Amino acid sequence: MDLDKLDTAIIQELRVRLLTLEEHLHGDVIFYYGQIADGILRIFRDFIENMAASDLKKDSLYFFLNTPGGSVEVAERMVDIIRRYYNKIYFVVPDGVYSAGTILCMSGDKIFMDYSSFLGPIDPQVFNGEQWVPALGYLDKVDEMICKSKNGTLTNAEFLMLQNQDLALLRRYEQAQDLTRTLLQNWLVDFKFRDWETHSSSGEEVTIEEKRKRAEEIANQLGDNKLWHSHYRMISSKVLQETIKLKIDDYSCDETLRPMIRGYNDMLTGYIGRLGYQFYLHSRMI
């Protein structure tokens, strides 16, 4: 079989697997692969609008996500787009997401993962003119040198490093950090916590203040560089549930859904990898 015929066969099989998922989940399914960056917004907008215009459109959206992260501002715009057309949004993470991808997941009503899936810390990435860099590492290092300066333990080399910092860029990092935590807290309260009405332990009503406090705790933990030590730390569903106390819909033991998700995801990511795509969107409309 030549490559053209092979690709055609793969695309046809992917469509079958996606439609099977949609039937089982009773919702629309889309797949997003790649960086969350400015250049994708129009493409993503048109992609969602095309889905929304279909006569087969459902009320709920299952958003399969595989991303190394990127711009939190773009993630915010993506949420505005999908929330315009879908009332219920469920993020599915078969492999893993980082940074802005984690923040994006927090805008969902549910997050589906299995035992091997992961989310990364919410360390926002900022484009410094050459590449995307994690902001918290820079801020932590500057804070460390400022503390050393106050204590009189700052070395000459560290003084020169501190002196050469771009203050405007550091402020940009601080703004990215603030926006990240604000969005995460607001989205958790507005969407993920909106059906959280009573405490499971006592049966007492959950107040809006309690939702906000819990959202703030989650934001602080996921954004704690000292806790995770690495921008690329892979936080499992188990840790998210047991340490962060974040509700995850774990499909590890669902003998029907897990093979359906893996069959679709693994074939599609294998296809994307073989063709070397950096960005890819998939739905039944393609």
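Up top is the structure these notes are about.
Residues numbered from 1 in each chain as written. Predicted model: local features only at pLDDT ≥ 70, side-chain atom pairs only at ≥ 80, totals over all residues. Heavy atoms only, no water.

How should I be thinking about the overall build of the protein in this particular structure?
In terms of regular secondary structure, the protein is built from eleven helices and eleven strands. Residues classed as buried in the protein amount to 47% of the 286 residues present. Here the analysis covers contacts within the protein between residues at least 6 apart in sequence; of these, 73% occur between residues at least 24 apart. On the protein, roughly 14600 Å² of surface is accessible, and the fraction owed to carbon and sulfur atoms is 50%. (Helix = DSSP H or I, 4+ residues; strand = E, 2+ residues; numbered from the N terminus. Buried < 20%, exposed > 50% of the residue type's maximum accessible area, 1.4 Å probe, protein only. Contact = heavy atoms within 4.5 Å. Areas by Shrake-Rupley, 256 points an atom, 1.4 Å probe, with all protein chains shown as cover.)

Please explain the pattern of salt bridges as it appears in this structure.
Under the definition given, this model contains twelve salt bridges. The partner of arginine 45 in a salt bridge is aspartate 46, with the nearest N and O atoms 3.1 Å apart. Its relative accessible area of 35% is what places arginine 45 among the partly exposed residues. Residue classification places aspartate 46 among the partly exposed residues on the basis of a relative accessible area of 41%. One salt-bridge network, held together by shared partners, links Arg83, Lys88, Asp109, Arg194 and Asp195. (Salt bridge = Lys/Arg side-chain N within 4 Å of Asp/Glu carboxyl O.)

Sorry, what's going on with the side chain of serine 107 here?
In this fold, serine 107 is placed in the loop between helix 4 (100-105) and strand 5 (110-113). Setting aside chain neighbours within four positions, we find serine 107 in contact with Val79, Arg83, Phe91, Trp187 and Phe191.

Would you mind showing me how to read the sheet that holds strand 6 (residues 118-119) here?
Within a beta sheet, neighbouring strands are joined by backbone hydrogen bonds and run either parallel or antiparallel to one another. Ordered by their spatial adjacency, three strands build an open sheet running 4-6-9, and the pairing between neighbours is mixed. The sheet terminates laterally at strand 4 (96-97) and strand 9 (235-236), the two strands that pair on one side only. Across two bridges, the pairing between strand 6 and strand 9 is antiparallel. Residue pairing for strand 9: phenylalanine 118 is matched across the bridge by serine 236. (Pairing = 2+ DSSP bridges.)

Even after reading the chapter, I still don't get the environment of serine 237, so can you show me in this structure?
Residue placement: serine 237 occurs in helix 10 (residues 237-242). Serine 237 sits in the buried class, given a relative accessible area of 2%. When the C-alpha positions of serine 237 and phenylalanine 118 are compared, they lie 6.4 Å apart, and in sequence the two are 119 residues distant. If sequence neighbours within four positions are ignored, serine 237 has contacts with Met113, Asp114, Tyr115, Ser117, Ile248 and Asp250.

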